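Here is how the chains run, residue by residue.
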Amino acid sequence: MHRRSRLWLYLLLVAFFLGSILVPPVHATEKQNDCPIVLVHGFTGWGRDEMAGYLYWGGLGDIEADLNRHGYKTFTAAVGPFSSNWDRACELYAFIKGGTVDYGAAHAAKYGHARFGRTYPGIYPQWGEADPVTGKVNKIHLVGHSMGGQTIRMLIQLLENGSPEEMAATSPDQISPLFTGGKRWVLSATSVSTPHDGTTLADIVTGLIPCAQQIISMAAAAAGLGSEPIYDFKMDQWGLKRLPGESFASYANRVLSSPVWEDTKDISVWDLCPDGAKELNSWVKAAPDVYYFSIGTECTHKGLLTGHQEPNITMNPLFHLFAHQMGSYTRNDPYKVPIDRSWWKNDGVVNTVSMDGPKLGSSDTVKSYDGTPTPGVWQHLGTASNLDHMQIIGHYNVLPVYDRFRSLAALLSSLPN
């Protein structure tokens, strides 16, 4: 493997690990629902019990705790940081509702990994059940950062429409409820800095991904020099779970030799590139009963000499190389999504043009939010300027991170249920 390839992927992973929320303000009316908010992390993300207490949602702050203190019941989910959106959606379902992750018999057979994953107690087991007081179904609000925005779209698609492939491949008494459809259990979905149409960063490093397993082993070793790493890669379905008593060296060797990094589309890198995102957008559609919102970020400016997008001084220096690459990258391949200068503005990880909602291969409607929430339509709440991909969720900023999340929570709680 090339030394340059390893350096690229090392920088990418470290940037995600190390990468205030200042989203455009929204104005809400009185509270109309008490549906809990579930925060869903993106690529390389982690749960609350990992990274020695350094939180994905807030960094040294704690967005979940702040929202709870202000009367907005909030949970933080943890799903596979490198898994595909399908696998992550299945994990998210079990993480919220409780039970054993079922990736689907047809899906598991197609991609050659285990059908079942971890078992979770559930952070909100009453999800989808009728409230004993109101008689209404207990719904939730989903908020996803980066790839998490794609994942929550996938979850809603499966909940409401099921999977014909899984229903055909599985007997009624053996199929997961996730794949049978008819579940209107989500009131709203909000994406933050999400590559709905993919990110060209994934394209730039796609040829380097086969050596990503080496970066994983380095990150795990750095995160936990003792016997227990503090970062969990959650790749059990691929046979990459660390076994009881197994040394980290043995675990790393199994990761390094896994075929998962070679030719499968059932992995995050495919979903995150423009062509993979277009494929996902072709069948994951906005549900007519769900309120969809999006928030964008940008942290680059037009260079006077080159005309390319260059990183702002406020951007995390670890993202500068990516911002430069994305800020000048074009592609005119007849077999792939064309990339022109409209893709150049970015937040160091994701192209800003990709963040307002799914457009490539999608029939969804995307518009600016006009103050009147409309279900079934992507409503863009605006783009936060001068914030990079991780500053938007509280990393690296010295300014308070909570006010705008409270504003978003107020908007979500004002939606009619």
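Residues numbered from 1 in each chain as written. Predicted model: local features only at pLDDT ≥ 70, side-chain atom pairs only at ≥ 80, totals over all residues. Heavy atoms only, no water.

## Concerning the pattern of salt bridges
Argument step 1. This structure, assessed with the given rule, holds 16 salt bridges.
Argument step 2. Salt-bridge contacts for Lys-265 lead to Glu-279; the nearest nitrogen and oxygen are separated by 3.4 Å. With Lys-265 in the loop between helix 9 (248–256) and helix 10 (268–272) and Glu-279 in helix 11 (residues 274–281), the pair connects residues that are 14 residues apart, well separated along the chain.
Argument step 3. Exposure remark for Lys-265: the relative accessible area of 40% places this residue in the partly exposed category.
Argument step 4. A salt bridge links Glu-298 to Lys-345, with the nearest nitrogen and oxygen atoms 4.0 Å apart. Taken together, the residues span a long stretch of sequence, with Glu-298 in strand 7 (residues 291–298) and Lys-345 in the loop between helix 12 (320–326) and strand 10 (366–368) at a distance of 47 residues. (Salt bridge = Lys/Arg side-chain N within 4 Å of Asp/Glu carboxyl O. Helix = DSSP H or I, 4+ residues; strand = E, 2+ residues; numbered from the N terminus. Buried < 20%, exposed > 50% of the residue type's maximum accessible area, 1.4 Å probe, protein only.)

## Quick word on the environment of Asp-403
Argument step 1. Relative to the helices and strands, Asp-403 resides in helix 13 (residues 403–413).
Argument step 2. Sequence separation between Asp-403 and Leu-67 is 336 residues; the distance between their C-alpha atoms is 9.6 Å.

## Describing the sheet that holds strand 7
Argument step 1. Taken together, the 7 strands give an open sheet; going across it, the order is 2-1-5-6-7-11-10, and neighbouring strands pair in parallel fashion. Among the strands making up the open sheet, the edge pair consists of strand 2 (74–76) and strand 10. Between one strand and the next, the sheet's axes are offset by a mean angle of 25 degrees, whatever the strand orientation.
Argument step 2. Packing against the sheet, helix 13 makes contact with strand 1 (37–40), strand 5 (140–145), strand 6 (186–192), strand 7 and strand 11 (378–385), and its axis sits at approximately 145 degrees to strand 5. (Pairing = 2+ DSSP bridges. Axes fitted to C-alpha atoms, helices over the stretch in contact; angles between N-to-C directions. Contact = heavy atoms within 4.5 Å.)

## A closer look at the confidence of the model for the protein
Argument step 1. Looking at the protein, the pLDDT average stands at 87 and 84% of residues meet or exceed 70.
Argument step 2. Contacts from residues 1–24, a stretch scored under 50 in pLDDT, to residues over four places away or in other chains number 91 contacts.
Argument step 3. Counting contacts from residues 206–227, a segment whose pLDDT is below 50, to residues more than four positions away or on other chains yields 48 contacts. (pLDDT = per-residue confidence, 0-100.)

## Overview of the environment of Thr-190
Argument step 1. Tracing the sequence through the fold places Thr-190 in strand 6.
Argument step 2. The residues contacting Thr-190, other than those within four sequence positions of it, are Leu-142, Val-143, Gly-144, Ile-152, Phe-293, Ile-295, Leu-408 and Leu-412.

## Let's talk about unusual backbone geometry
Argument step 1. Of note, Ser-193 is a non-glycine position whose phi angle comes to about 55 degrees, a positive value.
Argument step 2. Mapped onto the secondary structure, Ser-193 falls in the loop between strand 6 and helix 7 (200–205).

## Here's the deal with the packing of aromatic side chains
Argument step 1. Counted by the stated rule, this structure contains 15 aromatic pairs.
Argument step 2. Residues Tyr-56 and Trp-57 carry aromatic rings whose centres are separated by 5.9 Å and whose planes lie at 65 degrees to one another, so their mutual orientation is edge-to-face.
Argument step 3. On the accessibility criterion, Trp-57 (3% relative accessible area) is buried.
Argument step 4. With centroids separated by 5.9 Å and ring planes inclined at 55 degrees, the aromatic side chains of Tyr-93 and Trp-127 adopt a geometry described as tilted. Separated by 34 residues along the polypeptide, Tyr-93 in helix 3 (residues 85–97) and Trp-127 in the loop between strand 4 (116–120) and strand 5 bring together distant segments of the chain. (Phe/Tyr/Trp six-rings, centres within 6.5 Å; stacked < 30°, edge-to-face > 60°.)

## Observations regarding helix 13
Because each turn of an α-helix spans 3.6 residues, side chains separated by three or four positions in sequence point in the same direction.
Argument step 1. The set of residues buried in helix 13 consists of Phe-405, Ser-407, Leu-408, Ala-409, Leu-411, Leu-412 and Ser-413.
Argument step 2. Close packing links the buried residues of helix 13 with strand 1, helix 2 (63–69), strand 5, strand 6, strand 7 and strand 11.

## What to know about the nonpolar core
Argument step 1. Within the largest apolar cluster, 54 residues are counted, with the highest numbers of intra-cluster contacts made by Trp-57, Val-143 and Phe-293.
Argument step 2. Examining the composition of this core, we find that 5 residues originate from one element, helix 13, more than from any other.
Argument step 3. Counting 40 residues, the second-largest nonpolar core is a separate cluster that includes Tyr-103, Trp-127, Leu-155 and Ala-287. (Core = buried A, V, L, I, M, F, W, Y, C linked by side-chain atoms within 4.5 Å.)

## Looking at the side chain of Gln-150
Argument step 1. Its place among the elements puts Gln-150 in helix 5 (residues 147–161).
Argument step 2. In this structure Gln-150 touches Asn-85, Thr-194, Pro-195, His-196, Asp-271, Leu-272 and Ala-277, once residues within four positions along its chain are discounted.

## Here we look at the packing of helix 3 against helix 5
Argument step 1. In the contact formed by helix 3 and helix 5, the axes pass within 8 Å of each other and the chain directions differ by 70 degrees. As judged from the angle between their axes, helix 3 and helix 5 are roughly perpendicular. Helix-helix and strand crossings are classified by hand; for helix 3 and helix 5 the assignment is right-handed. Of the residues in helix 5, those touching helix 3 at Asn-85, Trp-86, Arg-88, Ala-89, Leu-92 and Tyr-93 are Met-147, Gly-148, Gln-150, Thr-151, Ile-152, Met-154, Leu-155, Leu-158 and Leu-159.
Argument step 2. In terms of residue class, the contact of helix 3 with helix 5 is made up of 10 nonpolar, 4 polar and 1 charged. (Parallel < 35°, antiparallel > 145°, perpendicular 65-115°, else oblique. Left-handed = near helix turned anticlockwise from the far one by under 90°. Nonpolar A, V, L, I, M, F, W, Y, C, P; charged D, E, K, R; others polar.)

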